[in-house]
Amino acid sequence: MQNYRRDAVRKLIDKLSEKHRLSREEWSLLIESQGEREYLFRRARELSRQYYGNKVFTRGLIEFTNYCKNNCYYCGIRRDNKEAVRYRLTLEEIMDCCSQGYELGFRTFVLQGGEDGFYTDDKIVEIIQEIKDRYPDCALTLSMGERENDSYLRFYKTGADRYLLRHETADSRHYAKLHPPELSFKHRMDCLWNLKEIGYQVGCGFMVGSPGQTKETLAEDMLFITELQPDMVGIGPFIPHHSTPFAEEIQGSLEQTLYLLGLLRLLKPNLLLPATTALGTIDPKGREKGILAGANVVMPNLSPVGVRKKYELYDNKICTGDEAAECRQCLGRRMEAIGYELAVDRGDPVNCPREAVNRKIE
Ligand code: 5AD
Ligand code: FES
């Protein structure tokens, strides 16, 4: 029985790495089994090595505002968290982060923030213009939640290259357990499809072990990702934040996060797959383990040290006391210790493999 099961799991892993898709039932089985881990991770490492060598891409994260009009049950910067000390970075402060980051070798900047009406489209356009004028060789990623399609289009025309918007869950009932009724599952999904249609390199993603998540909702996530074919998928463990409705919920597991990273690498071999800060938060070697499970991106923080602790999406977030340079060096050392090196380029997704993947799917 045991051997039979092991065999069946290996077959599913092989099938995924050849066809880059599975049926709903197959996904559920594989996700539930969490079996043949080393076999999966070896295959995942081989694939990322094949497409990206031993390079780990870096994205410099600038958390420019922690104001948010939304009230997601899991998130520490939700509007009802009165404990949160709110801040906004000025254009000058943002440009200082970029300048420091550029010196440190970052060629992608990620502007991430809550959904903050203070930053009107005009203000965002101004920020994009400044950054792209001064750093034409850098990619600019936006991660500021749901906006109107016209705004997304305007930002893209101004020069933004990429957009990260985690879908959080591809199951509408699960979505409603994580978010208050005023947030719409359909609108979020529409945003992602629109972003893709506009021409952005798109990132989606979800938390691992969020309350109400099951093997079925995770299978749905995998099917959605197969359909969307995003350039990046950000996943990290759910970590409770003490002043949210989910304060008493259970944290997501390291093991399951790593397993899903491995599966995502097989699902789309050229995927940009970050070993997230949340992963580094639940285990001191979390990000290294993530890379060894198939991830190929790290996103160190470039925000001014004075505001870092305030961008607290979850408890015990790491790197909140460290200068950008310290994080850069620390990560460089950590990656070298496991046989990888940080890349100094924009780290665009490679082209031909994606075509190869799509051909294989047909
Ligand atoms: N634990 C882990 N990840 C979280 N995020 C928000 N709150 C938490 C939490 N408590 C993630 C969400 C969001 C991203 C910016 O951070 O997936 O999209
Ligand atoms: Fe920030 Fe190690 S990555 S201190």
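Please refer to the structure placed before this passage.
Only a predicted model underlies this, so the values are computations on that prediction, with no experimental measurement involved.

Cut-offs and rules
- Along each chain, residues carry numbers from 1 onward, in the same order as the chain's sequence is written.
- Here every chain gets a letter starting at A, and every ligand a number starting at 1, in the order they are written.
- Restriction of local features to residues with pLDDT of at least 70 applies here, the model being predicted, together with a cutoff of 80 or more for giving and counting side-chain atom pairs; totals for whole chains, interfaces and linings are based on all residues.
- The basis for every side-chain value is the complete set of heavy atoms in the structure, and neither hydrogens nor water enter the calculation.
- Note on terminology: near, applied to a residue and a molecule or strand, indicates that one of the residue's heavy atoms is within 4 Å of it.
- Whenever a nitrogen or oxygen atom comes within 3.5 Å of another N or O atom, the pair is scored as a polar contact, on the condition that within protein one atom can donate a hydrogen and the other can accept it, and that pairs from neighbouring residues in sequence are kept only if both atoms are in side chains.
- Accessible surface is estimated by sampling points in the Shrake-Rupley manner with a 1.4 Å probe; for residues, cover comes only from the protein chains shown.
- Under the convention adopted here, Pro, Cys and the residues Ala, Val, Leu, Ile, Met, Phe, Trp and Tyr are nonpolar, Asp, Glu, Lys and Arg are charged, and Gly plus all remaining residues are polar.
- Convention adopted: a line fitted to C-alpha atoms gives each axis, helices being fitted over their contacting stretch, and angles between N-to-C directions are expressed from 0 to 180 degrees.
- Numbering of helices and strands runs from the N terminus, with a helix taken as a DSSP run of H or I at least four residues long and a strand as a DSSP run of E at least two residues long.
- Here a crossing is taken to be left-handed if its near helix is turned anticlockwise relative to the far helix by less than a right angle, and right-handed if that turn runs clockwise.
- Contact between two residues is taken to exist if any of their heavy atoms lie within 4.5 Å; hydrogens are not considered.
- Pairing between strands is defined by DSSP: at least two bridges between the two strands are required.

(A) Structural view of the site of ligand 1. Every residue close to ligand 1 is listed here: Y74, C75, R166, E168, M207, P237, F238, I239, L313 and Y314. For ligand 1, a nitrogen atom lies 2.7 Å from a polar atom in the backbone of I239. Here ligand 1 has 410 Å² of accessible area as a free molecule, and 87% of this is covered by the chains. Looking at side-chain class alone, the shell around ligand 1 contains 8 nonpolar, no polar and 2 charged residues.

(B) Local environment of the packing of helix α2 (residues 24–33) against helix α10 (residues 254–267). It is the contact of α2 with α10, at a shortest axis distance of 10 Å, that shows an interaxial angle of 145 degrees. Relative to α10, the crossing made by α2 is right-handed. From α2, W27, L30, I31 and S33 reach across to α10, where they touch Q256, Y259, L260, L263 and L267. Class assignment for the residues of the contact of α2 with α10 results in 7 nonpolar, 2 polar and no charged.

(C) Representation of the pairing of strand β1 (residues 55–58) in the model. Here 2 bridges tie β1 to strand β9 (residues 341–342), and the two strands are oriented parallel to one another. Counted as the bridge partner of V56 is L342 from β9. Examined bridge by bridge, β1 and strand β8 (residues 297–298) share 2 bridges and lie parallel to one another. For F57, the partnering residue across the bridge sits in β8 and is V297.

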